[in-house]
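Residues per chain are reported as follows:
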Amino acid sequence: MDLGTSAVKVSAVTQSGEIIAQEGMDFPLNQPKPGYAEQNPNDWVNATTVAIVKLILNDSLKPEQIRGISYSGQMHGLVLLDEDNKVLRPAMLWNDTRSTKQREEIMAKMGDRFVEITHNQPLEGFTLPKLLWVKENQPEIFAKAKTMLLPKDYLRFRMTGKLAIDYSDATGTVMLDVDKQEWSQEILDAFDIPASLCPPLVRSIDNTGNIDEWYSMYSGLSTDTVTFGGGADNACGAVGAGIDSPSKVLSSIGTSGVILKYEPQKETNYNGVLQYEDHAIPDAYYSMGVTLAAGFSLSWFKKTFAEKEDFTEVVDSAAKSTVGANGLLFAPYIVGERAPYADADVRGSFIGIDGIHKRYDFVRAVLEGIIFSFRDILDIYEKEGAKFDTVVSIGGGAKSPLWQQIQANIFNTKVVSLQNEQGPGLGAAMLAAVGLGWFENMQECTKVFVKFKDVFLPEEDDVVKYQKLHDIYKQIYPSTKQITHELVAYRRENEEQ
Ligand SMILES: Nc1ncnc2c1ncn2[C@@H]1O[C@H](COP(=O)(O)OP(=O)(O)O)[C@@H](O)[C@H]1O
Ligand SMILES: O=C(CO)[C@@H](O)[C@H](O)COP(=O)(O)O
């Protein structure tokens, strides 16, 4: 099960790694104020159940055939439960950036020590600043909170009645001591958070209990089906895309965008410039830079300017434009940014709008701007000495061959796609396959499950043009930071009146 931000996607995968059926269901994202991003955890459960029922009824999957279930989940989102395990407030998601004050307080109190423990900066997107926001702004809810879960862990809880979190999602809370691999008592003490809020830690391949009677009745699943720990969606995406060495890089275009590198050693620390997380693969790690609005920028554009049209046709229209969209650039900071600029209040821009531009130039600029932002992350890795020979492209954005060719040209590296762009869902299934004992380890499972499809090679002339355009693109952030901050402040003042 891949619990994304736009939808849940449930895939049925055989012992030889064939995806034999896939069902999904969308759910809404609520943005009631600037910087807020929330979802109702019950929407995740209902949407997942509808997808499971469709698998059983439409795809004729027999419940007793389903041996194991594992989970890939949107990261960092805060779900708070009371003493009866009832949801206390809407989940605050990874792209909710209201907690700048709390982020600053964490740094003021713990500074470099925080980065030493967690290998991360306490950015607004992560769970701890959100928890502190609730503590400060909704003390009556914080007082009632008995358990904190991340999105996929809430889903698992509703299916099994058991509380657990895997290490890859636990690092994303920035409350885990990465060196000790346990909840950081030092951080919990510093911010007066009861340790009992933190659920038990499990490995991604660990058995987390069978489907319980209630969920079996509700969904039609069998109580013989076993669940497994699962992982953060980017960890699972990397597993499903076969990112098993530091020379391959993952490019994921979901709601967010991610450039991710496999890290064999725990000791690596990017001092919070890039995220550093426990992997879903036991005893491995990964680092990544996140563009907050990748697929989200494209979906916003489509919803706003081409609502009734077919998604693929709108994306394909970008082929009518040129490299550089006839001199139009787009910066995808439409909900703020995380990497390389950790700035919750910057906003996006189209730069260079000309009377000759057509809508397809804007579409092209959106596709290119998102990949320029990915290029910024690759630049950080290359400065650190990394050398990549292959980019594996996953996520909804990987449905577009044009977008993958643009990636090959902007990255000046070979891009390959998967037979099914559902990397995180496949990765989750691989965790269940290893958990069930079908394979000795993740490496053995990768050999059978991960299958590549198309290859996109860099085209020399376009590579040169994109290098020039990226140099221009890099000027957008420093040139627009102040202006866009003032516009966000203006909006806040006016919405508060
Ligand atoms: N046909 C398409 N071509 C390119 N991109 C697409 C297409 N359809 C959807 N997308 C993009 O895929 C994104 C969703 O990707 P997905 O991996 O499902 O996200 P999530 O896991 O966050 O729910 C959307 O935001 C959209 O921009
Ligand atoms: O915040 C992050 C990673 O740190 C995001 O990547 C979320 O994990 C959401 O993923 P998608 O819904 O875009 O797949």
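Rules used in this analysis
Residues numbered from 1 in each chain as written. Chains lettered and ligands numbered in written order. Predicted model: local features only at pLDDT ≥ 70, side-chain atom pairs only at ≥ 80, totals over all residues. Heavy atoms only, no water. Helix = DSSP H or I, 4+ residues; strand = E, 2+ residues; numbered from the N terminus. Rg over C-alpha atoms; globule rule 2.2 N^0.38 Å. Contact = heavy atoms within 4.5 Å. Areas by Shrake-Rupley, 256 points an atom, 1.4 Å probe, with all protein chains shown as cover. Lys, Arg positive; Asp, Glu negative; His and termini not counted. Charge placed at Lys NZ, Arg CZ, Asp CG, Glu CD. Near = heavy atom within 4 Å. Polar contact = N/O pair within 3.5 Å; in protein donor to acceptor, adjacent residues only side chain to side chain. UniProt positions renumbered as here; feature names shortened; annotations may be inferred. Buried < 20%, exposed > 50% of the residue type's maximum accessible area, 1.4 Å probe, protein only. Axes fitted to C-alpha atoms, helices over the stretch in contact; angles between N-to-C directions. Parallel < 35°, antiparallel > 145°, perpendicular 65-115°, else oblique. Left-handed = near helix turned anticlockwise from the far one by under 90°. Pairing = 2+ DSSP bridges. Salt bridge = Lys/Arg side-chain N within 4 Å of Asp/Glu carboxyl O.

Peer 1: Which parts of the structure should I look at to understand the overall build of the chain?
Peer 2: Along the chain, the regular secondary structure elements total 18 helices and 25 strands. A globule of 497 residues ought to have a C-alpha radius of gyration of about 23 Å, and the chain, at 22 Å, matches this closely. When its C-alpha atoms are laid out on the principal axes, the chain stretches across 65 × 50 × 45 Å. Taking the intrachain contacts of the chain between residues at least 6 apart in sequence as the baseline, contacts between residues at least 24 apart amount to 73%. For the chain, the computed accessible surface area is about 19600 Å², with 49% contributed by carbon and sulfur atoms. Treating the 48 positive side-chain charges of the chain as one cloud and the 68 negative ones as another, the clouds have centres 2 Å apart.

Peer 1: Can you walk me through the site of ligand 2 in this structure?
Peer 2: In the vicinity of ligand 2 lie 15 residues, with Thr 5, His 76, Asp 233, Ser 256 and Arg 338 positioned nearest. At 2.7 Å, a side-chain N or O of Asp 233 approaches an oxygen atom of ligand 2. In this structure, Asn 234 approaches ligand 2 through a side-chain N or O atom, which is 3.0 Å from an oxygen atom. For ligand 2, whose accessible area on its own is 370 Å², the fraction buried by protein is 94%.

Peer 1: Is there a simple way to think about the UniProt feature "active site" (unreviewed entry) in the chain in this case?
Peer 2: When the UniProt feature table is mapped onto this chain, "active site" (unreviewed entry) is found at Asp 233. Here Asp 233 shows up in helix α10 (residues 233–240). Overall, the relative accessible area of 17% leaves Asp 233 in the buried class. If sequence neighbours within four positions are ignored, Asp 233 has contacts with Asp 2, Ser 72, Gly 73, Gln 74, Met 75 and Pro 424.

Peer 1: In this structure, what is going on with the packing of helix α15 (residues 423–435) against helix α16 (residues 442–449)? I would like to understand it.
Peer 2: Two quantities define a packed helix pair, namely the angle between the axes and the distance from one axis to the other. Orientation of α15 relative to α16, taken along the N-to-C sense of each, is 125°, at an axis distance of 10 Å. When the axis of α15 is compared with that of α16, the two are oblique. Here α15 and α16 pass one another in a crossing that is right-handed. Across the interface between the two elements, Leu 426, Met 430, Leu 431, Ala 433 and Val 434 of α15 pack against Met 442, Cys 445, Thr 446 and Phe 449 of α16.

Peer 1: Would you explain the side chain of His 470 in this entry?
Peer 2: Within the element layout of this structure, His 470 appears in helix α17 (residues 460–473). His 470 has contacts with Phe 372, Arg 375, Asp 376 and Asp 379, leaving out every residue within four places of it along the chain.

Peer 1: Would you mind showing me how to read the site of ligand 1 here?
Peer 2: Near ligand 1 lie 21 residues; those nearest to it are Ser 6, Lys 9, Thr 255, Gly 295 and Ser 299. Interatomic distance of 3.3 Å between a backbone N/O atom of Thr 5 and an oxygen atom of ligand 1. In this structure, Lys 9 approaches ligand 1 through a side-chain N or O atom, which is 2.7 Å from an oxygen atom. Protein coverage of the free-state accessible area of ligand 1, which is 580 Å², stands at 87%. Every element with two or more residues in the shell around ligand 1 is listed here: β2 (7–13), α11 (295–305) and α12 (311–316).

Peer 1: What am I meant to see in the sheet that holds strand β1 (residues 2–3) here?
Peer 2: Each strand in a sheet pairs with another by means of backbone hydrogen bonds, the pair being arranged parallel or else antiparallel. Here we have 5 strands laid out as an open sheet, ordered β3-β2-β1-β6-β16, and mixed in their pairing. Bordering the open sheet on either side are β3 (19–26) and β16 (231–232), each of which pairs with just one other strand. Here β1 runs beside strand β6 (residues 72–73); their pairing, made up of 2 bridges, is parallel. Bridge pairing in β6 links Leu 3 to Gly 73.

Peer 1: I would appreciate a short explanation of the environment of Thr 173 in the present structure.
Peer 2: With respect to the element layout, Thr 173 can be found in the loop between α7 (167–171) and β11 (176–177). Separated by 269 residues in the primary sequence, Thr 173 and Met 442 have C-alpha atoms spaced 25 Å apart. If near-sequence neighbours (up to four positions away) are discounted, Thr 173 is found in contact with Thr 127, Leu 128, Met 148, Leu 150, Ile 165 and Trp 183. A distance of 2.6 Å separates a polar side-chain atom of Thr 173 from the backbone oxygen of Ala 170. Polar contacts involving the side chain of Thr 173 include one to the main-chain amide nitrogen of Met 175, which spans 3.1 Å.

Peer 1: Help me out: how do you make sense of the pairing of β3 in this one?
Peer 2: Looking down a regular strand, the side chains alternate between one sheet face and the other. Here 7 bridges tie β2 to β3, and the two strands are oriented antiparallel to one another. Looking at β3, one finds that Val 8 is bridged to Met 25. Here β2 hands over to β3 after 5 residues, with Gly 17 in that stretch at a positive phi of 85°.

Peer 1: I'm lost on the pattern of salt bridges in this one. Help?
Peer 2: When charged atoms on two side chains of opposite charge get close, those side chains can pair. Within the structure shown, the criterion is met by 26 salt bridges. Between Arg 359 and Glu 309 there is a salt bridge, with its nearest N and O atoms 2.7 Å apart. Here the residue Arg 359 occupies a position in helix α13 (residues 359–383), and Glu 309 occupies one in the loop between α11 and α12, the gap between them amounting to 50 residues. Of the residues examined, Arg 359 reaches a relative accessible area of 32% and is grouped as partly exposed. Sharing partners across several salt bridges, the network here consists of Lys 152, Asp 153, Arg 156, Asp 166 and Asp 169.

Peer 1: For this particular structure, what's the right way to read the UniProt feature "binding site: substrate" (unreviewed entry) in the chain?
Peer 2: When the UniProt feature table is mapped onto this chain, "binding site: substrate" (unreviewed entry) is found at Met 75 and His 76. Here Met 75 lies in the loop between β6 and β7 (79–81). On the accessibility criterion, Met 75 (3% relative accessible area) is buried. In contact with Met 75, not counting residues within four places along its chain, are Trp 94, Asp 169, Ala 232, Asp 233, Asn 234, Glu 277, Tyr 286 and Met 288. Within the secondary structure layout, His 76 lies in the loop between β6 and β7. What His 76 contacts, discounting residues up to four positions off in sequence, is Met 92, Trp 94, Gly 125, Phe 126, Thr 127, Lys 130, Leu 150, Asp 169, Gly 172, Gln 275, Glu 277 and Arg 338.

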